[in-house]
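# Summary of the model geometry
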Amino acid sequence: MSEAEATPGPADVPNVWGVLWLIGVVLVGLFLLVSGFAQRPPERSALTVADHVGPISYTTPLVRVSRGRRGTSTYRTQKILLSVSGFGPIEVSPPPTLWVDGIDRLRYGQQVRFLVDPHLRLVFEATSEGRTFLSFAESEGNRRGRSNGLIVAGLFCLGVAALHGFNLRRG
């Protein structure tokens, strides 16, 4: 066996930058996938009921969301201070871009029932006297849409990584 055959050539050494790129895409894909599953909306039965007697004080801060290369976007949200059993007073918000409509027009003494996830500090439904201010279906659809988008992006990244991995292996 000659010495020329024993030393690896450029084709025998893996492309270091290609391997690093592959690892990065896999990590990003896994992060997006896990984030997508973590943002799945909870079941209605898992939510906590918080009753409040009106009027309700709330703030409407402006939320700025970074969209990478596409710049930033903004939307207004509501921060509502509610007393949730087992958690005490916490500040909750509706899911992004949704609004608890009509809570500024509550009569004195009017009872409002909120369905909240105290861990995520999100309000999923608000009703009073047969009137729905924020529906669970709308909130669930909002969270599910965002969750599905992250899962699809994560699967896309993992697919790109798999194709790149096959190309590295062939090369």
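What this report covers is the structure whose coordinates are included nearby.

Thresholds applied
Residues numbered from 1 in each chain as written. Predicted model: local features only at pLDDT ≥ 70, side-chain atom pairs only at ≥ 80, totals over all residues. Heavy atoms only, no water. Salt bridge = Lys/Arg side-chain N within 4 Å of Asp/Glu carboxyl O. Buried < 20%, exposed > 50% of the residue type's maximum accessible area, 1.4 Å probe, protein only. Helix = DSSP H or I, 4+ residues; strand = E, 2+ residues; numbered from the N terminus. Pairing = 2+ DSSP bridges. Axes fitted to C-alpha atoms, helices over the stretch in contact; angles between N-to-C directions. Contact = heavy atoms within 4.5 Å. Patch = residues over 30% accessible without salt bridge, like charges linked within 9 Å, V, L, I, M, F, W, Y side chains within 5 Å. Areas by Shrake-Rupley, 256 points an atom, 1.4 Å probe, with all protein chains shown as cover.

Counted under the stated rule, the structure contains five salt bridges. Taking the shortest distance from any N to any O, the salt bridge between Asp 104 and Arg 105 comes out at 3.6 Å. Owing to a relative accessible area of 53%, Arg 105 belongs among the exposed residues under this scheme. Two residues, Glu 140 and Arg 144, come together in a salt bridge whose shortest N-O distance is 3.0 Å. Of this pair, Glu 140 and Arg 144 both sit in helix α3 (residues 136-170), separated by four residues, roughly a single helical turn. Of the residues examined, Glu 140 reaches a relative accessible area of 24% and is grouped as partly exposed.

Where burial is concerned, most of strand β8 (residues 122-128) is hidden: six out of the seven residues are buried. The hairpin turn running from strand β7 (residues 111-117) into β8, its antiparallel successor, is four residues long, and Arg 121 in that turn takes a positive phi close to 60°. Sheet topology note: the β8/strand β9 (residues 131-134) ladder contains three bridges and is antiparallel. What sits directly across from Ala 126, in β9, is Leu 134. Following β8, the chain reverses through two residues before pairing antiparallel with β9; Glu 129 in that reversal takes a positive phi of roughly 50°.

Taken together, the four strands give an open sheet; going across it, the order is β1-β7-β8-β9, and neighbouring strands pair in antiparallel fashion. Where the open sheet ends on each side, the last strands, each with one partner, are β1 (48-53) and β9. On average, adjacent strands in this sheet sit at an angle of 25° to one another, irrespective of strand direction. In the sheet, β7 pairs with β8 via five bridges, with the strands oriented antiparallel. Note on β8: the bridge partner recorded for Phe 114 is Ala 126.

Assignment of secondary structure puts Leu 106 in the loop between β6 (88-92) and β7. Accessibility expressed as a relative area gives 10% for Leu 106, which makes it buried. The sequence separation of Leu 106 and Ile 56 amounts to 50 residues, and the corresponding C-alpha distance is 7.6 Å. Leu 106 has contacts with Gly 54, Pro 55, Ile 56, Val 112 and Phe 133, leaving out every residue within four places of it along the chain.

Among the surface-exposed residues, Val 16, Trp 17, Val 19, Leu 20, Ile 23, Leu 27 and Leu 30 lie close enough to one another that they form a single nonpolar patch of about 710 Å² accessible area. Locating Trp 17 in the fold gives a position in helix α2 (residues 16-38). Judged by its relative accessible area of 69%, Trp 17 falls in the exposed class.

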